[in-house]
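Now for the letters of each chain:
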Amino acid sequence: MEHIENDSQFAGLTVNSGVKQPPSVNPYLTKRKRKPMPTVGEMVEGILKGDITMLSRAVTLVESLSADHQAIAQEVIEKCLPYSGNSRRIGITGVPGAGKSTSIDVFGLHVLKSGGKLAVLAIDPSSERTKGSILGDKTRMEKLSVHPAAFIRPSPSAGSLGGVARKTRETIVLCEAAGYNNIFVETVGVGQSETAVHSMVDFFLLIQLAGTGDELQGIKRGIMEMADGIVINKADGDNVDRARLAQAQFRSALMLFPPAASGWSPEVLTYSGYFELGIPEVWDMIDRYFDFVKANGYFERKRSEQARYWMYETINERLRSSFYNDPEIERRLAEGEARVLANRQTSFAAARDVLDFYFSDILKK
């Protein structure tokens, strides 16, 4: 490139051409070959040996939307199923800010002190734009995330709670086959996700806070009825008295509820996840629960009911997917939507027309 400053009229001024810029891509960089997809047999063998890489690849297939990946994932799950069912499945929920991730960090370390392995499956809320995880729970479990016996897997909900719940249920099977005898399932917070998580765990732990305003606001009938244990977090410093007051209020509220099907009376405890106070007491409560339900036969009965529930949930999801992913149904839905928006047809009539076509034409093919 010529510089006008080098013209003779600008005597005494010289501009050098400068240093040639290197290419933006390293010329010595060689394209790395992508590792081939392992066979179903290799994946199952790796999972049963506790290979975390194979386990992670299998979970990725479970979460994939690809039909080919789903077929492989289901085959892997079927082969791993005989080696599953040998863990304690614990659901952990609570309002946002209750300290679920911090609590899981210290609960997990306490569990691992006695040996065994722990898998943490976090149903993470998703970005509406990228569909990726928002909270990044793994980064907030600082000690547990680097423990060699722990496996943490956040699953973005991606706007489909039912789908991610089913995938979490299938991931539990893979983790159990890999030797993880403790499974924590963390929910996104108090809401619809609790019902889905409750249907896949043995013990449901509700984390609450004290001193955040109206104490009774946290007492919701639906979530309270599902809880097998309630713990008041952040019971430290000046908040100890408020935590004890909340504990008494929750205990009084539980007395108004009908007895649980398990026969277990939910306990209310206080603890501090940040200062690691009261952690052994919380885990002793969970130990007592498992001893109780295994002795009266409720443990096996609940597992059987959950298996039946997920069979029907899978049928419902497959029917929904078959309906909405059919090209002809997509076209007819768009046409029906246009008629509804133009006030040429009611919403119910448009829905009936599409469903009649689906049942009479699509299902007969």
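This structure is a prediction, so every number in the text was calculated from the model and none was measured.

### Looking at the overall build of the protein chain
A count of helices and strands for the protein chain gives 12 helices and 7 strands. The buried share among the 365 residues of the protein chain stands at 41%. Taking contacts inside the protein chain between residues at least 6 apart in sequence as the whole, the part at least 24 apart equals 73%. Accessible surface, the protein chain as shown: approximately 21,000 Å² in total, 55% of it carbon and sulfur.

### Looking at the confidence of the model for the protein chain
Here the protein chain averages 85 in pLDDT, and 83% of its residues register 70 or above. This model gives residues 214-219 a pLDDT under 50, and the stretch forms 10 contacts once residues within four places in sequence are excluded.

### Quick notes on the nonpolar core
Proteins that are soluble and globular tend to have nonpolar side chains buried together. Judged by nonpolar contacts, the single largest core of 50 residues is most densely connected at Ile47, Leu174, Met224 and Ile230. Ile92, Met141, Phe184 and Val293 belong to the second-largest nonpolar core, a separate cluster that totals 34 residues.

### Thoughts on the pairing of strand β5 (residues 203-208)
Judged by how many residues are buried, β5 sits mostly within the fold: 6 of 6 residues are covered. As paired strands, strand β1 (residues 88-94) and β5 are joined by 5 bridges and run parallel to one another. For Thr93, the partnering residue across the bridge sits in β5 and is Leu206. Pairing of β5 with strand β6 (residues 229-232) involves 4 bridges; the strand directions are parallel. When the bridges of β6 are listed, Leu206 appears paired with Ile230.

### A look at the packing of aromatic side chains
Two aromatic rings, taken as a pair, are described by how far apart their centres are and by the angle between their planes. A complete count under the given rule lists 13 aromatic pairs for this structure. Taken together through their ring pairs, the aromatic side chains of Phe203, Trp264, Tyr289, Phe290, Phe292 and Phe299 make up a single cluster. In this structure, Lys117 is placed above the aromatic ring of Tyr180, and the distance from its NZ or CZ to the ring centre is 4.2 Å. The ring of Phe299 carries the charged tip of Lys294 above its face, separated from the ring centre by 5.0 Å.

### Let's talk about the pattern of salt bridges
Throughout the structure, instances matching the rule amount to 11 salt bridges. With its nearest N and O atoms 2.3 Å apart, the salt bridge here joins Glu328 to Arg331. Here Glu328 pairs with Arg331, and both are found in helix α11 (residues 327-341), just 3 residues apart, close to one helical turn. Judged by relative accessible area, which is 24%, Glu328 ranks as partly exposed. On the accessibility criterion, Arg331 (39% relative accessible area) is partly exposed. Taking the shortest distance from any N to any O, the salt bridge between Asp353 and Arg352 comes out at 3.6 Å. A relative accessible area of 48% means that Arg352 is categorised as partly exposed.

### Considerations on a nonpolar patch on the surface
A cluster of nonpolar side chains, Met311, Tyr312, Ile315 and Leu319, forms an exposed patch at the surface whose accessible area comes to about 410 Å². Its location among the elements puts Leu319 in helix α10 (residues 298-324). Here Leu319 falls in the partly exposed class, since its relative accessible area comes to 49%.

Rules of the game
- Residues numbered from 1 in each chain as written.
- Predicted model: local features only at pLDDT ≥ 70, side-chain atom pairs only at ≥ 80, totals over all residues.
- Heavy atoms only, no water.
- Helix = DSSP H or I, 4+ residues; strand = E, 2+ residues; numbered from the N terminus.
- Buried < 20%, exposed > 50% of the residue type's maximum accessible area, 1.4 Å probe, protein only.
- Contact = heavy atoms within 4.5 Å.
- Areas by Shrake-Rupley, 256 points an atom, 1.4 Å probe, with all protein chains shown as cover.
- pLDDT = per-residue confidence, 0-100.
- Core = buried A, V, L, I, M, F, W, Y, C linked by side-chain atoms within 4.5 Å.
- Pairing = 2+ DSSP bridges.
- Phe/Tyr/Trp six-rings, centres within 6.5 Å; stacked < 30°, edge-to-face > 60°.
- Lys NZ or Arg CZ within 6 Å of the ring centre and 35° of its normal.
- Salt bridge = Lys/Arg side-chain N within 4 Å of Asp/Glu carboxyl O.
- Patch = residues over 30% accessible without salt bridge, like charges linked within 9 Å, V, L, I, M, F, W, Y side chains within 5 Å.

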